[in-house]
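What follows is the residue order along each chain.
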Amino acid sequence: MADLQAERGQELAHEIGGAFVSVDVTDTAQIEDAVNTAVDLGPLRTLVNSAGIGWAQRTIGKDGEFASAHNLDAYKKVLAINLVGTFDCIRLAATAMSRLDPTDSGERGAIVNMTSVAAFDGQIGQAAYSSSKGGVVGLTLPVARDLAAVGIRVNTVAPGLIDTPIYGEGEASEAFKAKLGESVLFPKRLGKPEELASMVVELITNSYMNAEVVRVDGGIRMPPK
């Protein structure tokens, strides 16, 4: 488990019999520590990249002034975490995987990245987020081609509206989630975490899935706003 939330990360690592490492994906040294910790536990054959942040701001302001245009530092931060951080984790974990003996199926590892339907249906104000997630989509095929030589598969999942703690708790939160669910094609609800997780597991375990981006979104196509 590599995350910034130490308390929750340690709890989950203990629950699954693993280890927790505090990692900011913009810090290469911390990623290396996580990879080395995993290698110490056993053969590192799987990486799931799910670190990410969002930012909402229109490209230009209403007053015609340069100062009110999209915050460039915020744009760079979103890309640094969502896109560059993803690639940094891939290149380091894949390096460790490449040292392993192949399995009976000829594989050395499998990587799953988390993008978003915003990579395809970016809404107003999502320039930074959609750019970063579109970049993850764009790297999937070329990195899969790079790593095919050593038997490492690379796939990406694009979630839609998934019911996570980001929406909060309580009556108002439930009403908001129900309203959001109405925009889903079918079923008209938010996705369950386990429905997203099952696709990640499938991409890890299905040896014939490679270089693919899979939407898990109930058929939603996001409107402009």
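Residues numbered from 1 in each chain as written. Predicted model: local features only at pLDDT ≥ 70, side-chain atom pairs only at ≥ 80, totals over all residues. Heavy atoms only, no water.

Under an unreviewed UniProt entry, the protein has the name Short-chain dehydrogenase/reductase SDR and belongs to Mycolicibacterium aurum. Looking at the protein in UniProt, the text filed under Sequence similarities (unreviewed entry) is "Belongs to the short-chain dehydrogenases/reductases (SDR) family." (UniProt positions renumbered as here; feature names shortened; annotations may be inferred.)

Caption draft 1: Quick peek at the side chain of Ser130. Structurally, Ser130 can be placed in helix H5 (residues 127–147). Not counting the four nearest positions on each side in its chain, Ser130 is found in contact with Ala118, Ala119, Gly122 and Gln123. (Helix = DSSP H or I, 4+ residues; strand = E, 2+ residues; numbered from the N terminus. Contact = heavy atoms within 4.5 Å.)

Caption draft 2: Representation of the pattern of salt bridges within the structure. Throughout the structure, instances matching the rule amount to nine salt bridges. Notably, a salt bridge pairs Asp121 with Arg215, separated by 2.9 Å at the nearest N-O pair. Of the two residues, Asp121 is situated in helix H4 (residues 118–121) and Arg215 in strand S6 (residues 213–216); the sequence distance between them amounts to 94 residues. With a relative accessible area of 13%, Asp121 lands in the buried category. (Salt bridge = Lys/Arg side-chain N within 4 Å of Asp/Glu carboxyl O. Buried < 20%, exposed > 50% of the residue type's maximum accessible area, 1.4 Å probe, protein only.)

Caption draft 3: Broad picture of the packing of aromatic side chains. Tallying each qualifying case throughout the model produces one aromatic pair. Judged by centre distance (6.2 Å) and plane angle (50°), the ring pair of Tyr167 and Phe176 falls under tilted. (Phe/Tyr/Trp six-rings, centres within 6.5 Å; stacked < 30°, edge-to-face > 60°.)

Caption draft 4: Inspection of unusual backbone geometry at higher detail. Cis peptide bonds are those with omega within 30 degrees of zero, and the linkage from Phe186 to Pro187 qualifies with -5°. Within the fold, Pro187 resides in the loop between helix H6 (171–181) and helix H7 (193–205). The backbone phi angle of Ala211 is positive, close to 60°, even though this residue is not glycine. Looking at where Ala211 falls in the secondary structure, it is placed in the loop between H7 and S6.

Caption draft 5: Here's a closer look at the sheet that holds strand S3 (residues 46–49). Ordered in space as S3-S4-S5-S6, the four strands form an open sheet in which the pairing is parallel. At either margin of the open sheet sits one strand with a lone partner, and together these are S3 and S6. Strand-to-strand, the axes of this sheet are offset by a mean angle of 20°, without reference to chain direction. Here strand S5 (residues 152–159) pairs with S6 via four bridges, running parallel. Within S6, the residue paired with Thr156 across the bridge is Val213. On the sheet, helix H3 (residues 72–98) packs against S3, strand S4 (109–114) and S5 and is oriented at approximately 175° with respect to S3. Strands in contact with H5 are S4, S5 and S6; relative to S5, the strand with the most contacts, it is inclined by about 165°. (Pairing = 2+ DSSP bridges. Axes fitted to C-alpha atoms, helices over the stretch in contact; angles between N-to-C directions.)

Caption draft 6: Geometry of the packing of H3 against H5. Their axes nearest at 8 Å, the elements H3 and H5 cross at an angle of 20°. Compared by their axis directions, H3 and H5 come out roughly parallel. As for the relative orientation of H3 and H5, their crossing is right-handed in sense. Taken together, the residues of H5 that come into contact with H3 (itself represented by Tyr75, Val78, Leu79, Asn82, Leu83, Thr86, Phe87, Ile90 and Ala94) are Ala127, Ala128, Tyr129, Ser131, Ser132, Lys133, Gly135, Val136, Leu139, Val143 and Leu147. Residues of the contact of H3 with H5, tallied by class, amount to 14 nonpolar, five polar and one charged. (Parallel < 35°, antiparallel > 145°, perpendicular 65-115°, else oblique. Left-handed = near helix turned anticlockwise from the far one by under 90°. Nonpolar A, V, L, I, M, F, W, Y, C, P; charged D, E, K, R; others polar.)

Caption draft 7: Structural view of the domain arrangement of the protein. Each domain of the protein was delimited in the assignment, giving domain 1 (1–42) and domain 2 (45–216). The C-alpha-based centres of domain 1 and domain 2 are spaced at 19 Å. Contacts between domain 1 and domain 2 engage seven residues on the former and 10 residues on the latter. Buried area between domain 1 and domain 2, summed over both chains or domains, comes out near 720 Å², and the portion from carbon and sulfur atoms is 77%. Seen at the junction of domain 1 and domain 2, the total is zero salt bridges. For the pair domain 1 and domain 2, the number of links is one residue pair in polar contact (both at pLDDT 80 or more). Taken together, the residues of the side of domain 1 that touches domain 2 sort by class into four nonpolar, two polar and one charged. (Domains from an automatic or database assignment. Buried area = accessible area lost by both parts, 1.4 Å probe. Polar contact = N/O pair within 3.5 Å; in protein donor to acceptor, adjacent residues only side chain to side chain.)

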